[in-house]
Amino acid sequence: MKRVAIVGFRGMVGSVLVERMVAERDFDHCEPVFFSTSQTGAKAPAIGRDVAPVAGAGDVDTLAKFDVIISCQGGDYTTEMHPALRRAGFKGVWIDAASTLRMNDAAVIILDPVNRSLIDDAIHRGVRDFVGGNCTVSLMLMAIHGLYQKGWVEWVSTMTYQAASGAGAKNMRELVAQMRFIGQSAAPVLDDPARGILELDRAVGQALASEKLPKDEFGFPLAASLLAYIDKPVEAGQSREEWKGHVESNKILGLRGADEIPVDGICVRIGAMRCHSQGLTIKLKKDVPLDELDATIAESNPWARVVKNEKPATLAELTPAAISGTLEVPIGRLRKLKMGPTYLGGFTVGDQLLWGAAEPLRRMLRIVLEQ
Ligand code: HSE
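Because the structure is a prediction, the values reported are computed rather than measured.

Visitor: Would you mind going over the pattern of salt bridges in detail, with residue names and values included?
Guide: Counted by the stated rule, this structure contains 19 salt bridges. With a closest N to O distance of 2.7 Å, Arg20 and Glu359 form a salt bridge. Of this pair, Arg20 sits in helix H1 (residues 12-23) while Glu359 sits in helix H12 (residues 354-369), and the two are 339 residues apart along the sequence. What makes Glu359 buried here is its relative accessible area of 2%. With its nearest N and O atoms 2.7 Å apart, the salt bridge here joins Asp28 to Arg25. Take Asp28: its relative accessible area is 37%, and that puts it in the partly exposed class. On the basis of relative accessibility, which here comes to 53%, the residue Arg25 falls in the exposed class. Bridged by salt links that share partners, the residues Arg20, Glu24, Asp26, Glu359, Arg362 and Arg366 form one connected network.

Shown next as structure tokens:
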């Protein structure tokens with residue numbers, strides 16, 4: 001059985017990964033050892049069988065002997081350890097959640113329901129670095145890659161509504177702390193039916209402006225507000241998160257140069273916990289009837305699901321509240337836009353910790369274990 005090192009299993013993505021691996025019985029097919037930068041010697045997580053105590057994630061010589069290393073430890077760890085391990089003779093497969101290696105020519109961005117043939121081809125060519133994609137990009141492709149496969153997509157504009165989890169565990173806590181602070185600040189006005197709505201609005205406004213509002217992580221109020229910039233600036237006014245939309249989607253699909261399909265939009269952080277949503281405008285190359293578009297999406301993979309463009313279904317099924325913790329990637333509001341019959345509008349929601357982070361990693365491991 002292949003020996004698999006799992007590094008960074010206590011963080012948010014790592015915890016979801018281990019949970020999913022237990023649920024899918026992945027540990028029946030490999031010999032896992034857990035590695036941590038801070039918990040060496042501690043008990044390994046409960047996975048339904050005995051495993052060695054947690055080992056030190058900085059131990060190059062030990063790690064280099066593994067067949068597979070899965071890292072959820074973050075970009076700094078990858079930057080330091082990946083080259084060190086390869087130098088130390090690590091010949092195994094490196095599966096990574098961090099973005100560090102994504103755009104390297106020698107690495108493949110993994111999203112097997114979308115690019116399994118590219119992954120298989122890379123394995124046969126001896127590629128050994130496999131990296132999970134940006135969450136918004138992976139979720140967008142899970143929803144609409146069927147349209148790409150048909151060759152119908154000319155370009156995509158995606159306006160995102162990204163959850164706090166994408167910024168990290170501390171940010172999720174801060175969002176809830178902000179909600180509590182606002183709720184507690186406004187409670188005296190909210191609980192008194194005699195006080196008017198403008199007074200309630202003023203109480204919330206004062207809470208948002210207060211020095212006491214917790215904002216060490218986001219720097220600004222997210223609860224009862226939003227933040228229309230994610231990550232660092234790159235070129236031409238784009239944020240890095242927006243830049244990833246084009247470069248990563250095309251890399252996942254294996255499209256280069258003149259074949260690249262433009263993807264761009266504005267990425268926005270909102271007060272959802274762990275589901276990213278996206279409003280899509282898809283420019284089609286031809287006027288495909290709506291029922292054909294619906295059927296193509298529905299058949300593209302087992303997780304993409306078309307939600308009827310009706311209010312009750314949309315409100316019940318197409319929300320972060322409904323989708324959180326599930327592998328479904330529903331897409332709804334599908335309709336031809338006023339701009340013309342080749343402009344398709346849609347709205348999609350997906351759990352960014354599952355298809356957006358952990359799921360492609362554990363599925364890649366299974367592909368490697370089946371070799
Ligand atoms: N960069 C994403 C975000 C999360 O900030 O929401 C990880 O892909």
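Visitor: Quick rundown of the packing of helix H4 (residues 112-124) against H12? Include the residues and the values.
Guide: One way to put it is that H4 packs onto H12 with a least axis distance of 12 Å and a crossing angle of 40°. Viewed along their axes, H4 and H12 adopt a mutual orientation that is oblique. The two elements H4 and H12 meet at a crossing, and its hand is right-handed. Counting all contacts with H4, which are made through Asp112, Pro113, Arg116, Ile119, Asp120 and Ile123, the residues of H12 involved are Trp355, Arg363, Met364 and Ile367.

Visitor: Give me the lowdown on the site of the ligand, citing residues and values where you can.
Guide: Around the ligand, the neighbouring residues are Asn134, Cys135, Gln162, Gly166, Ile230, Glu241, Arg269, His276 and Gln352. One of the backbone N or O atoms of Gly166 is found 3.3 Å from an oxygen atom in the ligand. The separation between a nitrogen atom of the ligand and a polar side-chain atom of Glu241 is 2.8 Å. When the ligand sits alone it has 260 Å² of accessible area, and the protein chains cover 82% of it. Across the shell around the ligand, the residue classes break down as two nonpolar, five polar and two charged.

Visitor: An account of the pairing of strand S5 (residues 93-96) is requested, with residue identities and associated values reported.
Guide: Here S5 shows two buried faces, one formed by Val93 and Ile95 and the other by Trp94 and Asp96. For strand S4 (residues 68-71) and S5, the ladder comprises four bridges, and the chain directions are parallel. Residue pairing for S5: Ile70 is matched across the bridge by Ile95. Note: S5 against strand S7 (residues 129-132), three bridges, orientation parallel. For Trp94, the partnering residue across the bridge sits in S7 and is Asp129.

Calculation rules
- Residues numbered from 1 in each chain as written.
- Predicted model: local features only at pLDDT ≥ 70, side-chain atom pairs only at ≥ 80, totals over all residues.
- Heavy atoms only, no water.
- Salt bridge = Lys/Arg side-chain N within 4 Å of Asp/Glu carboxyl O.
- Helix = DSSP H or I, 4+ residues; strand = E, 2+ residues; numbered from the N terminus.
- Buried < 20%, exposed > 50% of the residue type's maximum accessible area, 1.4 Å probe, protein only.
- Axes fitted to C-alpha atoms, helices over the stretch in contact; angles between N-to-C directions.
- Parallel < 35°, antiparallel > 145°, perpendicular 65-115°, else oblique.
- Left-handed = near helix turned anticlockwise from the far one by under 90°.
- Contact = heavy atoms within 4.5 Å.
- Near = heavy atom within 4 Å.
- Polar contact = N/O pair within 3.5 Å; in protein donor to acceptor, adjacent residues only side chain to side chain.
- Areas by Shrake-Rupley, 256 points an atom, 1.4 Å probe, with all protein chains shown as cover.
- Nonpolar A, V, L, I, M, F, W, Y, C, P; charged D, E, K, R; others polar.
- Pairing = 2+ DSSP bridges.

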